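Each chain, letter by letter, is given below.
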Amino acid sequence: EGGIQITTSSELHSIATSLRHNVSSHCCRRWDVLAGYRFVRFREGLTMEENLTSTDPSGVVAIGTTFDVWDSFSTGNEFHGLELGLAYQADRGCWSWDILAKLALGNMHQVVDVDGYTRITAPAGAPATNQGGLLALGTNIGRDSRDKFALIPELNLNVQYRLTERLDLSLGYSLVWMTNVARSGNQIDFAVNPTQLPGNDGGLVGAPRPAPRFEDTSMWVQGLNFGVVYEF
């Protein structure tokens with residue numbers, strides 16, 4: 001008997017710097033082109049912790065023996081590339097709006113880390129810690145990295161309202177799409193060869209599973225922004 005706790009985490013950072021050039025301007029409308037550099041970092045982690053206690057009087061494990069099993073799958077992605085964009089802005093009365101479309105092309109550096117351990121504590125005995133958990137074992141534990149070409153399109157929509165002569169309110173929406181992103185859940189091989197589980201001293205017999213799975217996918221991120229601008 002026992003319990004399991006699964007924890008996930010993710011973080012996304014992005015920095016861009018661009019040169020902007022006006023190509024068309026008529027009355028209350030204008031078109032600009034942009035070119036610059038884009039950096040994106042996305043990290044994700046997935047950990048699984050099991051706390052088990054033997055309660056079977058007819059089993060081969062002494063009653064009261066505890067098993068603390070820990071599996072960890074984490075990924076890191078760093079993008080560096082050239083970014084091109086097109087911006088449109090229009091004004092009408094107290095309202096103004098702008099649309100910004102950008103596309104970044106460059107290198108995505110992917111890193112996958114897999115780790116795990118099992119701590120077995122017999123009644124009145126000292127804990128014994130072994131490498132490998134349940135889904136992270138000797139056949140897939142370790143770090144791998146590689147570089148792949150990636151695209152990051154982005155769309156930004158913003159509306160601004162002039163509340164007073166000096167005060168503006170704004171509301172915006174952003175959508176970002178990223179290709180070739182390594183995510184933690186995609187690195188798990190759910191096939192397990194039980195002969196290599198910690199506590200089995202006979203060594204691996206049969207297929208080396210779980211196997212390393214260096215897989216990537218596409219993902220999108222969206223968000224809203226609110227703003228207040230006061231001019232003086």
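Residues numbered from 1 in each chain as written. Predicted model: local features only at pLDDT ≥ 70, side-chain atom pairs only at ≥ 80, totals over all residues. Heavy atoms only, no water.

**Student:** Residues and numbers for the side chain of Ser 72, please.
**Tutor:** Topologically, Ser 72 is positioned in strand β3 (residues 66-92). The buried category is assigned to Ser 72, whose relative accessible area is 13%. Those residues in contact with Ser 72 that sit more than four places away from it in its chain are Leu 46, Thr 47, Asp 113, Val 114 and Asp 115. (Helix = DSSP H or I, 4+ residues; strand = E, 2+ residues; numbered from the N terminus. Buried < 20%, exposed > 50% of the residue type's maximum accessible area, 1.4 Å probe, protein only. Contact = heavy atoms within 4.5 Å.)

**Student:** Which residues make up the layout of surface pockets, and what values go with them?
**Tutor:** In this model, the largest pocket occupies a volume close to 240 Å³. Residue assignment for the lining of the largest pocket shows that the elements contributing at least two residues are β2 (29-53) and β3. No other element matches β2, which puts three residues into the lining of the largest pocket. Of the residues in the lining of the largest pocket, the class split is six nonpolar, six polar and one charged. (1 Å grid on protein atoms, 1.4 Å probe; cavity = no way out; pocket = protein on both sides within 12 Å on 5 of 7 lines; lining within 4 Å. Points joined across faces, edges and corners; volume = space filled by probe spheres on them. Nonpolar A, V, L, I, M, F, W, Y, C, P; charged D, E, K, R; others polar.)

**Student:** I'd like a description of the environment of Val 111, backed by residues and values.
**Tutor:** With respect to the helices and strands, Val 111 occurs in strand β4 (residues 95-121). The exposure class of Val 111 is buried, given its relative accessible area of 15%. Along the backbone, Val 111 and Arg 183 are 72 residues apart, and their C-alpha atoms lie at a distance of 9.7 Å. Excluding residues within four positions of it along the chain, Val 111 makes contact with Ser 74, Thr 75, Gly 76, Arg 143, Asp 144 and Ser 145.

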